[in-house]
Amino acid sequence: MVKKIDADVIVTNSKGFRAWFAEDLLKHVRIRPEVSEQMRPFFKDFNRECLVVHLRGTDRFDDKFCRGAIDTAVQFPADLPIYVVTDQLQLFEQFQHAIPRAQLFNPKGEVLKLPKNMRQGTHLTTPPILNKYGCNKKQMLIDLLVDFVAIWAGKYRDWE
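These numbers come from a predicted model, not from an experiment. (Residues numbered from 1 in each chain as written. Predicted model: local features only at pLDDT ≥ 70, side-chain atom pairs only at ≥ 80, totals over all residues. Heavy atoms only, no water.)

Considering the environment of Ala150
- Within the secondary structure, Ala150 sits in helix H6 (residues 137–153).
- Linking Ala150 and Val84, residues 66 residues apart in sequence, is a C-alpha distance of 9.4 Å.
- If we skip the residues at most four places from it in the chain, Ala150 touches Phe43, Phe46, Val52 and Phe105. (Helix = DSSP H or I, 4+ residues; strand = E, 2+ residues; numbered from the N terminus. Contact = heavy atoms within 4.5 Å.)

What follows is the structure in structure tokens.
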């Protein structure tokens, strides 16, 4: 049995049995009201009848993945809204060049303040570096949850 931990975010080393069951997320993940209130404005005009594309750069950068996401997106109807969640602006720009209707879901995301050429996960970025670029770690976590909910809530998903 796992001991319940009272915390906003729990990080695990992922050792042991790993599985992905979306239903488990719905059963077990809860966002505190004060956090969900900060997230609410991001979803004001969110159309759930959409494709949400996650283009991950930094520590899992792969030139081929963006091309694959483009190849997938062009198969959807031309009037379907497409939102992009990413940690690297140049991936979005590449995607939008091919799919002009694509919108960056969170264009003011904290992670987008970091240098474009970062190749490490933002979780490894030190507080002095975050401060140098004006990034707020708490807002980065809110943005992460916003991205996560957008991916979960979209009717169609394409992610790495």
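Description of the pattern of salt bridges
- Within the structure shown, the criterion is met by 4 salt bridges.
- A salt bridge links Arg40 to Glu37, with the nearest nitrogen and oxygen atoms 2.8 Å apart.
- Judged by its relative accessible area of 52%, Arg40 is exposed.
- Here Lys113 ties to Glu110 by a salt bridge, and the two come within 2.8 Å at their closest N and O atoms.
- Classification of Lys113 by relative accessible area gives partly exposed; the value is 37%. (Salt bridge = Lys/Arg side-chain N within 4 Å of Asp/Glu carboxyl O. Buried < 20%, exposed > 50% of the residue type's maximum accessible area, 1.4 Å probe, protein only.)

Looking at the nonpolar core
- Of all hydrophobic cores here, the largest spans 24 residues; its most connected members are Val53, Leu55, Ile82 and Phe95.
- Elements that contribute at least two residues to this core include exactly strand E1 (51–55), helix H3 (63–73), strand E2 (82–86) and helix H4 (89–98).
- Sort the elements by how many residues they give to this core and H3 lands first, with 5 residues.
- With near-sequence residues (within four places) excluded, Ile82 lies in contact with Leu51, Val53, Ala73, Phe95, Ile99, Arg101, Ala102 and Gln103.
- Listed in part, the 14 residues of the second largest apolar core include Tyr83, Val85, Val146 and Ala153. (Core = buried A, V, L, I, M, F, W, Y, C linked by side-chain atoms within 4.5 Å.)

Re the packing of aromatic side chains
- Overall, the coordinates contain 5 aromatic pairs when judged by the stated rule.
- Aromatic side chains Phe43 and Phe46 sit 5.5 Å apart centroid to centroid with 80 degrees between the ring planes, which places their arrangement in the edge-to-face category.
- Ring centres 5.6 Å apart and planes at 80 degrees place the aromatic pair Tyr83 and Phe105 in the edge-to-face group. Of the two residues, Tyr83 is situated in strand E2 and Phe105 in the loop between strand E3 (103–104) and helix H5 (127–132); the sequence distance between them amounts to 22 residues.
- The exposure class of Phe105 is buried, given its relative accessible area of 10%.
- Counting every residue linked through ring pairs, the aromatic cluster contains Phe43, Phe46, Tyr83 and Phe105. (Phe/Tyr/Trp six-rings, centres within 6.5 Å; stacked < 30°, edge-to-face > 60°.)

Geometric descriptors of this kind do not, in isolation, establish any biological role.
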